[in-house]
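Inside the fold
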Amino acid sequence: MERDEGRAVHRDVRGDVRAQIREFLSTRRARITPEQAGLPVYGGDRRRVPGLRRSEVATLAGISPEYLTKLERGNATGVSESVIEGLASALQLDDAERAHLEDLLRTAGSSRPPRRRPARQRVRPTIQRILDTMSGAPALVLNGRLDILAANGLGAALYAPMYTGAARPANTARFVFLDPHATEFFRDYDRAANDTVALLRAEAGRDPYDRDLSDLIGQLSTRSDDFRRRWAAHNVRIHTSGVKLLHHPIVGDLDLPFESVPLPADPTQSLLIYTPEPRSPTLDALHLLASWAASSDNTASSASPRASDRGMPSPDGD
């Protein structure tokens, strides 16, 4: 019975992924003009769709239009590296987009459901100790669904607005799209919302069998028109570095450069570290936030994402 249910889930996931391949390739075609692709354009050329035609993409990729049509229908069995390389070049895909296309093609081309262990949803004790020693910079551990699994004291104080709801673990995507305070917390809300959706879209391609991720996407799609609109764009990205522009309710505006580092032993988790510029207003604000967190009753002890504080499995276990 379990094997039959697994096969049914596999068929459903493959069907959804095939639709995603079609939509992803279509949205990538639509954003590239013939001029951008280096193709000639004639005065009488009237286009019924934006961007490149399927035949033009096929020519640029070095494949036949018929084969591209098969790919867009999700027939991805035995797709070669040269075909992927040709499509990536023709559609001008960046590293995140190419990886996403490869993930989708791999799932659509697989005839068997994967045998996968559930992703670890707790941090290892050594990682928690590393967090706790980083007292001068906010640091957190997130998984691919953007759940906050752990943080140091300053990280918890920085993200305290995300812990006002009852759901645990706190999730940045739910905060961005379902909490009205998100538009105040993120000074560049549009960018934060786009990045959040792009990260979830990439994770859905990497692990389409993650039921918790599917449930999260379903919840956001049901409750947020804004999320549905951005999700339909099929944009993906890799979250490695940048600058977050935040407005904290206690200390005001913060310009926070960050680095996101995957944890090799737990590949679904990443260590997110904010590194303020020396002698900057942001560094002064973080010192103030640390003092507030240490002295206030509404501090990291009440808003902390540490597992033991929120009914999650203890990080002291293995």
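Data block above holds the structure.
Note that the coordinates shown come from a computational prediction; the quantities given were computed from them, not determined experimentally. (Residues numbered from 1 in each chain as written. Predicted model: local features only at pLDDT ≥ 70, side-chain atom pairs only at ≥ 80, totals over all residues. Heavy atoms only, no water.)

Let's shift gears to the packing of helix 11 (residues 189–206) against helix 12 (residues 211–223). Their axes nearest at 11 Å, the elements helix 11 and helix 12 cross at an angle of 145°. Crossing of helix 11 against helix 12: the hand is left-handed. Contacts from Leu200, Glu203 and Ala204 in helix 11 reach Leu213, Leu216, Ile217 and Leu220 in helix 12. Class assignment for the residues of the contact of helix 11 with helix 12 results in six nonpolar, no polar and one charged. (Axes fitted to C-alpha atoms, helices over the stretch in contact; angles between N-to-C directions. Helix = DSSP H or I, 4+ residues; strand = E, 2+ residues; numbered from the N terminus. Left-handed = near helix turned anticlockwise from the far one by under 90°. Contact = heavy atoms within 4.5 Å. Nonpolar A, V, L, I, M, F, W, Y, C, P; charged D, E, K, R; others polar.)

Per the stated rule, a full pass over the model turns up eight aromatic pairs. Through successive ring pairs, a cluster of aromatic residues spans Tyr159, Phe175, Phe185, Phe186, Phe258 and Tyr274. Sitting over the ring of Trp231, Arg201 keeps its end group 3.7 Å from the ring centre. When the ring centre of Phe258 is taken as origin, the NZ or CZ atom of Lys244, which lies over that ring, is 5.2 Å away. (Phe/Tyr/Trp six-rings, centres within 6.5 Å; stacked < 30°, edge-to-face > 60°. Lys NZ or Arg CZ within 6 Å of the ring centre and 35° of its normal.)

Further remarks concern helix 7 (residues 125–133). An α-helix turns once every 3.6 residues. As a result, residues three or four positions apart point the same way. Of the positions making up helix 7, those classed as buried are Ile127, Gln128 and Leu131. Projected down its long axis, helix 7 carries its buried residues within an arc of 100°, all on one side. Along helix 7, the residues that are exposed and aim more than 90 degrees away from the buried face are Arg129 and Thr133. (Buried < 20%, exposed > 50% of the residue type's maximum accessible area, 1.4 Å probe, protein only. Arc of directions from axis to C-beta.)

This paragraph deals with the environment of Asp255. Following the sequence through the fold, Asp255 ends up in strand 4 (residues 252–263). Assessed through its relative accessible area of 36%, Asp255 is described here as partly exposed. In sequence terms Asp255 and Pro281 are 26 residues apart; their C-alpha atoms lie 8.7 Å from each other. Ignoring anything within four residues of it in the chain, the contact list for Asp255 reads Arg187, Val243, Lys244, Leu245 and Thr282.

Here the focus is the sheet that holds strand 1 (residues 139–143). Strand pairing in a sheet relies on backbone hydrogen bonds. The paired strands run either parallel or antiparallel. The five strands are arranged 2-1-5-4-3 in an open sheet whose pairing can be described as antiparallel. Each end of this open sheet is capped by a strand with a single partner; those strands are strand 2 (148–151) and strand 3 (241–248). Strand after strand, the sheet turns through a mean of 30° between neighbouring axes, direction not considered. Direction of pairing for strand 1 relative to strand 5 (residues 266–274): antiparallel, over a ladder of five bridges. From the neighbouring strand, Asn143 faces strand 5, where its bridge partner is Gln269. Against the sheet, helix 14 (residues 281–295) makes contact with strand 3 and strand 4, and its axis sits at roughly 85° relative to strand 4, the strand it touches most. (Pairing = 2+ DSSP bridges.)

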